[in-house]
Amino acid sequence: MTKRCFAHQPFRPLPLAASLAIAFVIGATTGCPNKPTRHHFEEEVVSDSELFEHALNSITKMYEFESENAGHQAVFYLNSWLKKQDAPEAWEVDPLTTLFPETILGSLELKDIDRNQVVQGDTGEIRQSLWLRDISQWATSTSQEVDPITERWIAHARETGSDDAANLLREAIFLFDWTVRNIQLVSPRDAVADGFNNFPETKAIPGPGYSQLPDDSVLLGSADVWERGQVFLELLRQRKIPGAVLGIRDGDSIKPWACGVAIDGEVFVMDPALGLPLAIFGEGRLATLTELAASPELFRSYDVGDEYRYVEAFQPGGLVALISAPPFSLTQAAAQIQHRMTGERRWVLSSDPTELAREFTQHAAITEARIWDLPVRAAIYRRTLTEKIANDTDAANDYERDRFAFDHGPLASARKLHIRGMFQKYDGGKPGALIFYRDLRQTEKAIDGLADNRVLLHMLGIQRVAFEPEEVFQVRVQFGKKVLEMSREHASYFLGLLHYDAGNYQTSANWLQKRTLDEFPMGHWRFGSAYNLARARERIEEWEQASQLLLLSESPQRHGDMLRARLIRTEVTER
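Residues numbered from 1 in each chain as written. Predicted model: local features only at pLDDT ≥ 70, side-chain atom pairs only at ≥ 80, totals over all residues. Heavy atoms only, no water.

> So what's going on with the overall build of the chain? Residues and values would help.
Along its length, the chain carries 23 helices and 10 strands. On C-alpha atoms alone, the chain measures out to a radius of gyration of 24 Å, which is about the 25 Å that the 2.2 N^0.38 rule sets for 575 residues. On the principal axes, the C-alpha backbone points of the chain span a range of 75 × 60 × 55 Å. A burial count over the chain gives 57% of its 575 residues as buried. (Helix = DSSP H or I, 4+ residues; strand = E, 2+ residues; numbered from the N terminus. Rg over C-alpha atoms; globule rule 2.2 N^0.38 Å. Buried < 20%, exposed > 50% of the residue type's maximum accessible area, 1.4 Å probe, protein only.)

Written out as structure tokens, the structure is:
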């Protein structure tokens, strides 16, 4: 079979084969890295600024409408602009890239890292950075309300340090909190690789930490601990706040421990497994890495009985800073494009791991730094998975079964609007995420009558095809019913999150309790719903109810949920 690249497309019903099986194949937004692209755009004689403006407009279209053609245009205009530019004198391949294993360093993602050219596979990372830029802007805006616990942490930072440092800490806490609330923690995926394959991602074998890129985790609303950690670090990068994974060296291996945020010469620890920054109970402040490194007793304060023991205290001076740097961010092209961006049309595309490493290695507890391999491995996995589903119908069907509703139709539209902070109507009346989510809350009667409901069929993109046998149409209708049933549960949960983000905490609690947990008690979102319900209860000062929800947690984040219940007691109810 000829290998093809696929980009996200609107849902179009496919005719069934004689076996009446449906194969919906979708590729990742990154396309096929380093594959030459044929362009059909006239190269007009235009100025540098006009070429760059064309490129940004194409990126915006690609970002807003998931347009494959706009992605090709963006590559064409960016490369046309780059050809006219002088190479930056100071740029060089980051020396930390040489520490990658040969398998990663020789991958398609990194082998031409010095290139001053954009390839089609880069468009996914460019779009992802825009998504995260938008999230980081509205999640840290001064209009966001501060919960009482966070308020004490920030107040302490302001009293003991500079306003600038306190403001950076505030933004970091807000971005971490958004990540924890909006990305439900799932158990790590176990790679099913054979003993001879140390890099299962190169064979599209799923595994912990690399099976989703940050845009997947954000879109799907769930991730394992280090996929969740990557989202947080990339949000920090968009705000230019120094962040890294803190790893504990054990011989030749490095075990990731938590995320660190470097501010004003100190490092604050935020653990994506716990869903909490590490605080000192009863003192209304965050712990510093200096204090954690010096005090085994402080480490043990994060234990919950004998069953939930926090990580063993590390040896002072034995930590490794793992710097997150997606593949395209390491290229000369990314640096040159970012340097040209100005004003509101500026976001972070390029990374400087060596400079970021200096921020962390000045701390006495951190002895070395390197580029974290997981973001690159995640990019490799997405490319190899895209190639696999383009050639393997069974793999394509498995992929679509798990995420069809998120990639097509109204739920996909709602998620992308929600991610960009467009909750209500926008741009003069276009429907925002709230309206799409509500439309997906169809009754059982409406779902049962889908075959005769033209409005719902149109919403799902299901149309009768000329000369299509009735039984074929009915199979597509049955598939549409399953999509609506799944979408009803997803929409209920996301409406709860949306109302929380909008500051409607009582409404958020109602959606999470009545429309999600009560209707789908063993559903996909039971852990995220219970946690976010507790957070909404906190905001309306129902502290006892919030504590009970956290103490009864059964999620992979249970250890952290119990610690948050302890924080409620020490920082609020027993003050």
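Here the narrative resumes, following the displayed structure.
> Outline the pattern of salt bridges, supporting the account with residue identities and numerical values.
Enumeration over the complete set of coordinates arrives at 39 salt bridges. Residues Glu283 and Arg285 are paired through a salt bridge, measuring 3.0 Å at the closest nitrogen-oxygen approach. Residues Glu538 and Arg535 are paired through a salt bridge, measuring 3.8 Å at the closest nitrogen-oxygen approach. One end of the pair is Glu538 and the other is Arg535, both in helix H21 (residues 526–539) and 3 residues apart, which spans about a single turn. Residue Glu538 is classed as buried on the basis of its relative accessible area, which comes to 3%. Since its relative accessible area comes to 1%, Arg535 is described here as buried. One continuous salt-bridge network, built from bridges that share partners, spans Asp147, Asp177, Arg181, Asp501, Arg535, Glu538 and Arg564. (Salt bridge = Lys/Arg side-chain N within 4 Å of Asp/Glu carboxyl O.)

> Can you explain the sheet that holds strand S6 (residues 276–277)? Please cite residues and give values.
Strand order in the open sheet made by the 6 strands is S6-S5-S4-S3-S9-S10, with mixed pairing throughout. Of all the strands in the sheet, just S6 and strand S10 (366–371) have a single pairing partner and so form its edges. Of the pairings in the sheet, the one linking strand S3 (residues 243–250) to strand S9 (residues 319–323) comprises 4 bridges and is antiparallel in character. When the sheet's bridge partners are listed, Val245 is paired in S9 with Leu322. Against the sheet, helix H12 (residues 353–361) engages S3, strand S4 (253–263), strand S5 (266–271), S9 and S10, with an angle of about 160° to S10. (Pairing = 2+ DSSP bridges. Contact = heavy atoms within 4.5 Å. Axes fitted to C-alpha atoms, helices over the stretch in contact; angles between N-to-C directions.)

> With reference to specific residues and values, describe the packing of aromatic side chains.
Evaluated as defined, the whole model comprises 16 aromatic pairs. Pairing Phe76 with Tyr77 gives two aromatic rings, centres 5.3 Å apart and planes at 70°, and the pair type is edge-to-face. An identical accessibility class is assigned to Phe76 and Tyr77; each is buried. Pairing Phe281 with Tyr302 gives two aromatic rings, centres 5.9 Å apart and planes at 55°, and the pair type is tilted. Of the two residues, Phe281 sits in the loop between strand S7 (279–280) and strand S8 (285–286) while Tyr302 sits in the loop between helix H10 (296–300) and S9, which places them 21 residues apart along the sequence. Taken individually, Phe281 and Tyr302 each receive the classification buried, so the pair is uniform in this respect. The ring of Trp131 is capped by Arg127, whose NZ or CZ atom sits 4.3 Å from the centre of that ring. (Phe/Tyr/Trp six-rings, centres within 6.5 Å; stacked < 30°, edge-to-face > 60°. Lys NZ or Arg CZ within 6 Å of the ring centre and 35° of its normal.)

> With reference to specific residues and values, describe the confidence of the model for the chain.
Confidence in the prediction of the chain, expressed as mean pLDDT, is 87, and 90% of residues score 70 or more. Taken as a whole, residues 1–38 scores under 50 in pLDDT and shows 92 contacts with residues more than four places along the chain or in a different chain. (pLDDT = per-residue confidence, 0-100.)

> Describe in detail the environment of Gly265, supporting the description with residues and values.
Along the chain, Gly265 falls in the loop between S4 and S5. Relative accessible area serves as the criterion here: at 52%, Gly265 is assigned to the exposed category. Separated by 126 residues in the primary sequence, Gly265 and Asn391 place their C-alpha atoms 51 Å from one another.

> I'd like to hear about the side chain of Ser351, residue by residue, with values.
Topologically, Ser351 is positioned in the loop between helix H11 (332–340) and H12. A distance of 2.8 Å separates a polar atom in the side chain of Ser351 from a polar atom in the side chain of Ser329. If sequence neighbours within four positions are ignored, Ser351 has contacts with Arg237, Ala325, Ser329 and Leu330. (Polar contact = N/O pair within 3.5 Å; in protein donor to acceptor, adjacent residues only side chain to side chain.)

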